[in-house]
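Here's the letter readout for the chains.
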Amino acid sequence: MKQKTLIPLIVFLLGICLVGIILYKVDSHETAQNHTTALLNATAYGERIKNEITEGIDVTDVLKQILISESGEFNQFDMIAENLMSDSIESVQLAPNGVVTDIYPSTGNEAGKIDLLHDKDRGKISCYARDNHTIITQGPFKLKQGGSGIAVRNPIFLKDENGLEYFWGFTIVVLRVPDIFSDAVSALSSFGYEYRISKTDAPWSDTYNIVSQSNDSLINPVSYTFTIGEEEWMFEVAPQGGWRNNLLIAKTSVILTANVILLSVLTCVWLTSKENKNRFQILAHTDSLTNIYNRYGFDELAAKMIAKNPKTHFVAALFDIDDFKFINDIYGHGYGDRALKCLADSMKAFFSI
């Protein structure tokens with residue numbers, strides 16, 4: 001009884017341990033695979049976002065080329081700016097000598113005509129762009145028309161009649177976020193990812209400001225960084241609901257646990273069957289009353305002994321109980337059975353082998 005209980009219990013416990021190991025391996029593999037896939041997506045869509053921002057920045061380069069070709073003069077600004085506008089551009093601006101003088105569209109943007117180089121919020125980073133001949137992006141900041149925006153300032157340097165370079169000013173575009181990269185983040189969200197886009201506060205800073213992010217928080221995201229001008233951007237990605245594939249783990253756990261239980265039950269059935277087989281074999285070879293070999297058991301054992309020792313001589317003895325019927329008739333069958341058992345016990349004691 002202990003064997004029939006203990007062995008199936010051991011099989012069950014070992015099976016559960018194996019299930020735990022398998023689930024750990026499956027979970028680790030799935031998590032690693034999800035990280036790899038997420039990193040590939042972050043890289044691919046990060047490059048796409050970079051290109052979409054760069055396309056917005058290209059507007060400032062178009063204005064720059066016009067200024068160079070016109071020797072610093074800019075005619076028909078509104079018409080040209082109107083042709084450069086897109087759904088993700090809030091406004092296009094010119095800032096000769098760092099002072100914003102032209103804005104398209106002008107309606108609602110009158111407050112944007114400021115001296116960038118001396119403004120308390122924009123002066124330091126604008127001077128950095130001028131002094132280092134580099135494009136800078138500033139923001140995000142709230143737009144008066146609603147939403148958020150990023151200002152891209154491209155410093156323009158021209159040459160005078162003596163061939164000496166001088167600072168003309170800035171060509172500027174204000175990009176709406178997240179409109180500028182909405183296609184990329186929408187595609188990524190359709191794949192089941194949360195995202196966050198951040199940029200350094202300034203070229204000399206390591207502090208990141210969030211430009212745009214999805215509604216839910218990110219759990220241990222993977223990231224892809226890229227550079228625009230001299231500022232670092234970071235694109236972070238994480239699966240919705242975390243890295244684990246809980247559905248796969250649950251299905252695998254149920255299937256494996258069911259197999260362990262089935263194996264434990266089959267082990268118990270096998271042990272019971274084996275025990276019954278042994279019992280039937282004993283009953284087939286021995287007498288149930290005296291527990292000594294019956295005729296079938298005697299013949300089988302004798303045949304084995306003769307086959308094992310073909311050159312050995314054997315002696316067989318036949319016992320007969322005189323007047324055994326008399327015992328049964330006078331004292332009853334119970335006493336007859338006791339007489340047979342006493343005879344069998346005496347034979348086993350005498351023939352000890």
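Computed from a prediction, not measured in an experiment: that's the story for all the values here.

Turning our attention to the sheet that holds strand 5 (residues 165–177). What holds strands together in a sheet is hydrogen bonding between their backbones, with the strands either parallel or antiparallel. Strand order in the open sheet formed by five strands is 2-1-5-4-3, with antiparallel pairing between adjacent strands. Each of the sheet's edge strands pairs with one partner strand only, and the pair in question is strand 2 (102–104) and strand 3 (136–142). Ignoring strand direction, the axes of neighbouring strands in this sheet form an average angle of 20°. One ladder, built from three bridges, connects strand 1 (residues 89–96) with strand 2; its direction is antiparallel. Counted as the bridge partner of Val92 is Tyr104 from strand 2. Where helix 2 (residues 77–84) meets the sheet, its contacts fall on strand 1 and strand 2, and the angle it forms with strand 2 comes to roughly 40°.

Turning next to the sheet that holds strand 6 (residues 193–200). Spatially, four strands are ordered 7-6-9-8 in an open sheet, and the strand pairing comes out antiparallel. Both edges of this open sheet fall to strand 7 (208–213) and strand 8 (222–228), since each of them pairs with a single strand only. Sheet twist, expressed as the mean angle between neighbouring strand axes with direction ignored, is 25°. Bridge count for strand 6 against strand 9 (residues 231–239) is seven bridges, and the pairing is antiparallel. Residue Tyr195 lies in a different strand from strand 9, and its bridge partner there is Val237. Docked against the sheet, helix 4 (residues 182–190) engages strand 6 and strand 9, running at close to 145° with respect to strand 6.

Quick look at empty space enclosed by the protein now. The rolling of a water-molecule-sized probe over the atoms marks out the regions of remaining empty space. In total, this model carries one cavity of 30 Å³ or more according to the counting rule given. Here the largest cavity is characterised by a volume of approximately 40 Å³. Every residue lining the largest cavity is listed: Ile53, Thr137, Ile150, Leu175, Val177, Ile180 and Trp233. By residue class, the composition of the lining of the largest cavity is six nonpolar, one polar and no charged.

On to the confidence of the model for the chain, then. Detailed reading of the predicted coordinates is not advisable wherever pLDDT is low. In the predicted model, the chain carries a mean pLDDT of 87, and 99% of its residues have values of at least 70. By mean pLDDT, the top-scoring element of the chain is helix 3 (residues 123–132) (94), and the lowest-scoring one is helix 7 (residues 324–331) (77).

What counts and how
- All chains use their own residue numbering, which begins from 1 and follows the written sequence.
- Owing to the predicted nature of the model, reporting of local features is limited to residues with pLDDT of at least 70; listing and counting of side-chain atom pairs is limited to 80 or more, with chain, interface and lining totals taken over all residues.
- The side-chain values count all of the structure's non-hydrogen atoms but skip hydrogen atoms and water molecules.
- Two strands qualify as a pair provided that DSSP identifies no fewer than 2 bridges between them.
- Put simply, DSSP marks the helices as runs of H or I at least four residues long and the strands as runs of E at least two long, and each gets a number from the N terminus on.
- Axis lines are fitted through C-alpha atoms, for helices just across the contact stretch, and the angle between N-to-C directions can take any value from 0 to 180 degrees.
- Note on contacts: a residue pair is in contact if any heavy atoms of the two residues lie within 4.5 Å.
- With a 1 Å grid laid over protein atoms only, a set of points is called a cavity when a 1.4 Å probe fits there but cannot get out and a pocket when it is open yet has protein on both sides within 12 Å along at least five of seven lines; lining residues have an atom within 4 Å of a point.
- Grid points are joined across faces, edges and corners, and a volume is the space filled by probe spheres set on the points.
- Residue polarity follows a fixed list, in which Ala, Val, Leu, Ile, Met, Phe, Trp, Tyr, Cys and Pro are nonpolar, Asp, Glu, Lys and Arg are charged, and the others, Gly among them, are polar.
- Within a predicted model, pLDDT stands for the predictor's per-residue confidence, ranging from 0 to 100.

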